[in-house]
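Observations on the model geometry
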Amino acid sequence: MVNQLVARDVCFAYANGPRVLHDVNLELARGELVSLVGPNGSGKSTLLRAIAGLVELDRGDVLLDGRPLRAASPRERALDVAVVPQFLPSLFDVRVEDFVLGGRYARIDRWVGPKSSDREAIESSLAACDAIECRGRAMSELSGGQRQRVVVARAVAQEAAVLLVDEPTTSLDPDHQVTIFELLARLASEGRIVLVVTHELNLAAQFSTALAVLHEGRLVARGSVDALMRREVLSSVYGERLHFGRTDDGCPFVVPRARLARRPQG
């Protein structure tokens, strides 16, 4: 089991484009669910892809327990790191079971094929994501929300020590948003390292052990939910149109605030 993931001095620019990430340093420990937040275009998805080893860094490194991730083969990397991407290519008529099974390719002996443990991992991950009813269907037949839950299930079935998740609640209704964050929090409590890119600040506040704030390609804050869900931290990143408060049980929240007061009805 991996105990620590470290992004060290990570810099990245797309070909013929401006630099997207500037000397980002981020440490993640076993048992943590860290939500990476920030405005559109701040580099969150790019940082997640960089940490996953899916892009070649201009400078810096990503270390798993001190070992450079870039030195691992794709199969070795898949044993340690699972990724939920923000976007998927067209999946045509791939069946749900086969799609989720694909997450376990690094654990399957190519000469033996899937074993009962692999089938059990598929079932349990689909059930955990409330997607068991999708099991016999093609991916092309699913709604956007169903497809999103199946994509998360594939990463969960991978049983990697590190789970990197990009916008997992896209297309999900509120109940399923909570279901997914509850699952991610449980996996972290069981010893995984979980990093979630999200715009859902209030879900992040409820379930994260820590927040990290990215702005214009730079990590500007990293700390506890109480320390970062504050006007003096977030207004400099998101602007002044925010209202801060606390729920009855003391959890901080933030909601957008209209520029002008609403007119009374009637």
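Above this text you will find the structure in question.
Everything in this summary refers to the structure shown in the same document. (Residues numbered from 1 in each chain as written. Predicted model: local features only at pLDDT ≥ 70, side-chain atom pairs only at ≥ 80, totals over all residues. Heavy atoms only, no water.)

**Let's talk about the overall build of the chain**
- Secondary structure summary: the chain contains nine helices and 12 strands in total.
- The C-alpha atoms of the chain give 19 Å as radius of gyration, which agrees with the globular expectation for 266 residues (18 Å, within 12%).
- Along the three orthogonal principal directions, the C-alpha set of the chain runs to about 65 × 50 × 40 Å.
- Of all 266 residues assigned to the chain, the portion counted as buried reaches 48%.
- If you take every contact in the chain between residues at least 6 apart in sequence, the share linking residues at least 24 apart comes to 65%.
- Summed over its atoms, the accessible surface of the chain is roughly 13400 Å², and 49% of this surface lies on carbon and sulfur atoms.
- Across the chain, the 33 positively charged side chains and the 34 negatively charged ones have centroids separated by 4 Å. (Helix = DSSP H or I, 4+ residues; strand = E, 2+ residues; numbered from the N terminus. Rg over C-alpha atoms; globule rule 2.2 N^0.38 Å. Buried < 20%, exposed > 50% of the residue type's maximum accessible area, 1.4 Å probe, protein only. Contact = heavy atoms within 4.5 Å. Areas by Shrake-Rupley, 256 points an atom, 1.4 Å probe, with all protein chains shown as cover. Lys, Arg positive; Asp, Glu negative; His and termini not counted. Charge placed at Lys NZ, Arg CZ, Asp CG, Glu CD.)

**Here's the deal with helix H1 (residues 44-52)**
- Of all nine residues that make up H1, seven are buried, and the element is covered over most of its length.
- Considered for burial, the residues of H1 that qualify are Lys44, Thr46, Leu47, Leu48, Ala50, Ile51 and Ala52.
- Following H1 by one or two positions, glycine 53 adopts a phi angle in the positive range, close to 80°.

**Focus: the nonpolar core**
- One finds Val96, Val100, Leu126, Val150, Leu163 and Leu184 to be the most contacted residues of the largest nonpolar core, which totals 36 residues.
- Looking at this core, the elements with two or more residues in it are strand E6 (81-84), helix H3 (96-101), helix H4 (116-128), helix H5 (144-157), strand E7 (162-166), helix H6 (174-189), strand E8 (193-197) and helix H7 (201-207).
- Considering each element in turn, this core owes the most residues, seven residues, to H5.
- Beyond its immediate sequence surroundings of up to four residues, valine 96 is in contact with Leu126, Cys134, Arg135, Arg137, Met139, Leu142 and Val150.
- Residues Phe12, Leu64, Val81 and Leu195 belong to the second largest nonpolar core, which totals 31 residues. (Core = buried A, V, L, I, M, F, W, Y, C linked by side-chain atoms within 4.5 Å.)

**Focus: the side chain of arginine 149**
- Residue position: arginine 149 is located in helix H5.
- Contacts of arginine 149, omitting those with residues within four sequence positions, involve Cys129, Asp130, Ala131, Glu133, Leu172 and His176.

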